[in-house]
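# Understanding the architecture of this molecule
Letter by letter, the chains look like this.
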Amino acid sequence: MLDEVYISILMRELLIGINYLHNEKKVHRDIKTSNILMTNNGDVKIADFGVWAQLNNTIDNCNSYVGTIFWIAPEILQDEPTYGLGVDIWSLGITAYELASGSVPYENLNQFE
């Protein structure tokens, strides 16, 4: 668990990075604490672009089921036909919750039930 001051700084830096990605029409689709890196200078980096997607002017949404279960946005879990940039914001919210509480919501549920 981190102090609120550090969480707010970290969230600000992550939002700057996510804003850059979204302005480039890129969706990370797997924002979570283990994909956040910090340099010795305190620079925050978003890592692991293994499931990112590029949106374009003709296709403004994704339609594949990817991500890490506890950070996945509801529209992906509910098998919506398409989803967009908002899935990264959802995952960032779960990440903020985890940094503040030390756990993710519903982590005690069996994801295979």
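Each remark here, short or long, concerns the structure printed above.
Residues numbered from 1 in each chain as written. Predicted model: local features only at pLDDT ≥ 70, side-chain atom pairs only at ≥ 80, totals over all residues. Heavy atoms only, no water.

### Some thoughts on the overall build of the chain
Rule in force here: Under the DSSP-based scheme used, a helix requires at least four consecutive residues in state H or I and a strand at least two consecutive residues in state E, with every element numbered from the N terminus. Relative accessibility thresholds used throughout: buried, under 20% of the residue-type maximum; exposed, over 50%; partly exposed, between the two (1.4 Å probe, protein chains only). By the convention used here, residues are in contact when the closest approach between their heavy atoms is within 4.5 Å. Calculation of accessible area relied on Shrake-Rupley with a 1.4 Å probe; when residues are assessed, cover is drawn exclusively from the protein chains displayed.
Broken down by element type, the chain carries three helices and four strands. Each helix and strand of the chain, ordered N terminal to C terminal, gives the series α-β-β-β-β-α-α. When the 113 residues of the chain are sorted by exposure, 35% land in the buried category. Long-range contacts, defined as pairs at least 24 residues apart, comprise 56% of the intrachain contacts of the chain with a sequence gap of at least 6. Element-wise, carbon and sulfur atoms account for 53% of the exposed surface of the chain, whose accessible area totals about 7200 Å².

### Description of the environment of E13
Definition in use: Counting of polar contacts relies on pairs of N or O atoms within 3.5 Å, with two restrictions inside protein: one atom must be capable of donating a hydrogen and the other of accepting it, and residues adjacent in sequence are counted only when both atoms are side-chain atoms.
Assignment of secondary structure puts E13 in helix α1 (residues 4-23). One polar contact links E13 to R12, side chain to side chain, over a distance of 3.0 Å.

### Details of a nonpolar patch on the surface
Selection criterion: Like-charged residues within 9 Å of one another, or nonpolar side chains (Val, Leu, Ile, Met, Phe, Trp, Tyr) within 5 Å, are grouped into patches, provided each residue has over 30% relative accessible area and no salt bridge. In the sections that follow, a salt bridge refers to a side-chain nitrogen of Lys or Arg positioned within 4 Å of a carboxyl oxygen of Asp or Glu.
Taken together, the side chains of L2, V5, Y6 and I9 make up a nonpolar region of the molecular surface, amounting to roughly 380 Å² of accessible area. Along the chain, L2 falls in the segment before α1.

### Comments concerning the environment of G102
With respect to the element layout, G102 can be found in the segment after α3 (86-101). Distance from G102 to L2, taken between C-alpha atoms, is 8.2 Å for residues 100 residues apart in sequence. Once residues lying within four places of it in the same chain are set aside, the contact partners of G102 are M1 and Y97.

### Some points on the nonpolar core
Using the following cut-off: Only buried residues count toward a nonpolar core, which is a set of Ala, Val, Leu, Ile, Met, Phe, Trp, Tyr and Cys residues joined through side-chain atoms within 4.5 Å.
Ranked by size, the top nonpolar core spans twelve residues in total: I7, L10, M11, L14, I18, L21, I31, I36, V44, I46, L92 and L99. Of all the secondary-structure elements, those providing two or more residues to this core are α1, β3 (44-46) and α3. Among the elements that line this core, the one with the most residues is α1, at six residues. Ignoring any residue separated from it by four or fewer positions in sequence, one finds L99 in contact with M1, L2, I7, L10, M11 and T33.

### Regarding the pattern of salt bridges
One pass over the structure, following the stated rule, counts two salt bridges. Between K32 and D30 there is a salt bridge, with its nearest N and O atoms 3.7 Å apart. We classify K32 as buried; its relative accessible area is 14%.

### Topic: α1
Put simply, the rule is: By this rule, a helix spans an expected 1.5 Å times one less than how many residues it contains. Regarding the arc, it is the one traced by the directions from the helix axis to the C-beta atoms.
Compared with an ideal rise of 1.5 Å per residue, which puts 20 residues at 28 Å, α1 spans 28 Å between its outermost C-alpha atoms and is within 8% of the ideal. Among the residues of α1, I7, L10, M11, L14, I18, L21 and H22 are the ones counted as buried. Each buried residue of α1 lies within a common arc of 105 degrees when the element is viewed along its axis, so the set occupies one face. Relative to its buried face, α1 has exposed residues pointing more than 90 degrees away, namely I16, Y20 and N23. Residues of α1 that are buried sit in contact with β1 (26-27), β2 (36-38), β3 and α3. Where α1 begins, the capping side chain belongs to D3, and its oxygen is found 2.9 Å from the backbone nitrogen of V5. The positive-phi residue at the C-terminal boundary of α1 is K25, with phi of around 60 degrees.

That is the geometry; function is a separate question.
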